[in-house]
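# Architecture at a glance
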Amino acid sequence: MEQDILTSSFIDLRDKLHHIALGYLQNDEDARDALQDTWLKLKLKSRVSDSSEAGNKLVRALRNACIDKLRKRGVRSIEESAMPVSLQYNMEPEDIDTLEKLLQNGLTPRQQQIFNLVTHEGVDYKNIAEELHMSVEAVRMDMSRIRKKIRETYKKLNGWNR
């Protein structure tokens, strides 16, 4: 029965998981491989009690599989590989540090938590809403504000006046 929960969660989240893997690896074939590695690892070794736990384990294991693939390629950090190529060449390390500091100062603790859950852990809005005792709409609104703050901060950092 436990494996059925994992299987159904994997099927439900497969497209989302593939999208997360593509974000890290930037290659469809590698993303599919990471997805398959994740599935096999969890299928053989993991037990889950509900679909929420299964989803969290799938996302965490996929992230780790992507990191392993990037390390095998010789990529230094996951942030460099996940960053669009256009930003990699335009931003110096000092600029990235400055941007991160500005973002951390500009976001509330709750917004920081939501941002990390969505971007780094791949948790969906519904699960975040349940975890933080919020409505799904409130989570969406916070993510919208977070993205706006990121855009504004990046524009200030680069001296854009739009």
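As a reminder, the structure under discussion sits directly above these lines.
I will try to describe carefully the structure that is included in this document. (Residues numbered from 1 in each chain as written. Predicted model: local features only at pLDDT ≥ 70, side-chain atom pairs only at ≥ 80, totals over all residues. Heavy atoms only, no water.)

### So, the overall build of the protein
- Assigned secondary structure in the protein consists of nine helices and zero strands.
- In sequence order, the protein lays out its α and β elements as α-α-α-α-α-α-α-α-α.
- Buried residues in the protein amount to 33% of all 162 residues.
- Considering only residue pairs separated by 6 or more positions, the protein has 64% of its internal contacts joining residues 24 or more positions apart.
- Summing over all exposed atoms, the protein offers an accessible surface of approximately 10700 Å²; the carbon and sulfur share of this is 49%. (Helix = DSSP H or I, 4+ residues; strand = E, 2+ residues; numbered from the N terminus. Buried < 20%, exposed > 50% of the residue type's maximum accessible area, 1.4 Å probe, protein only. Contact = heavy atoms within 4.5 Å. Areas by Shrake-Rupley, 256 points an atom, 1.4 Å probe, with all protein chains shown as cover.)

### Details of the nonpolar core
- Core analysis: the biggest nonpolar cluster contains 22 residues, and Leu-6, Leu-17, Leu-58, Leu-62 and Cys-66 have the highest contact counts within it.
- Sorting the residues of this core by element identifies α1 (2–25), α2 (28–45) and α3 (51–73) as the ones contributing at least two each.
- The residues touching Leu-58, leaving out its near neighbours within four places in the chain, are Leu-6, Ser-9, Phe-10, Leu-13, Leu-17, Thr-38 and Leu-42.
- Membership of the second largest hydrophobic core comes to 13 residues, among which are Leu-107, Leu-132, Val-139 and Ile-146. (Core = buried A, V, L, I, M, F, W, Y, C linked by side-chain atoms within 4.5 Å.)

### Side note on the side chain of Ser-9
- Tracing the chain through its elements places Ser-9 in helix α1.
- In this structure Ser-9 comes out as buried when scored by relative accessible area, which is 5%.
- Leaving out residues up to four positions away in the same chain, Ser-9 has contacts with Ser-51, Ala-54, Gly-55 and Leu-58.

### Examining the environment of Cys-66
- When you line up the elements, Cys-66 lands in helix α3.
- We classify Cys-66 as buried; its relative accessible area is 0%.
- The spatial distance from the C-alpha of Cys-66 to the C-alpha of Ala-31 is 7.7 Å, given a sequence separation of 35 residues.
- Discounting residues that sit within four places of it in the chain, Cys-66 has contacts with Ala-21, Tyr-24, Leu-25 and Ala-34.

### Quick look at the pattern of salt bridges
- For the structure shown, the criterion picks out five salt bridges.
- Between Asp-28 and Arg-32 there is a salt bridge whose closest N-O contact spans 3.0 Å. Of this pair, Asp-28 and Arg-32 both sit in helix α2, four residues apart, which is roughly one turn of that helix.
- Note on Asp-28: relative accessible area 36%, which makes it partly exposed.
- The closest approach of N and O atoms between Asp-142 and Arg-110, which form a salt bridge, is 2.8 Å. Separated by 32 residues along the polypeptide, Asp-142 in helix α9 (residues 136–158) and Arg-110 in helix α7 (residues 109–119) bring together distant segments of the chain.
- Among the residues examined, Arg-110 registers a relative accessible area of 42% and is labelled partly exposed. (Salt bridge = Lys/Arg side-chain N within 4 Å of Asp/Glu carboxyl O.)

### Some remarks on α7
- Among the residues of α7, those classed as buried are Gln-111, Ile-114, Leu-117 and Val-118. The buried residues of α7 occupy one face: seen down the axis, they fall within an arc of 130°. (Arc of directions from axis to C-beta.)

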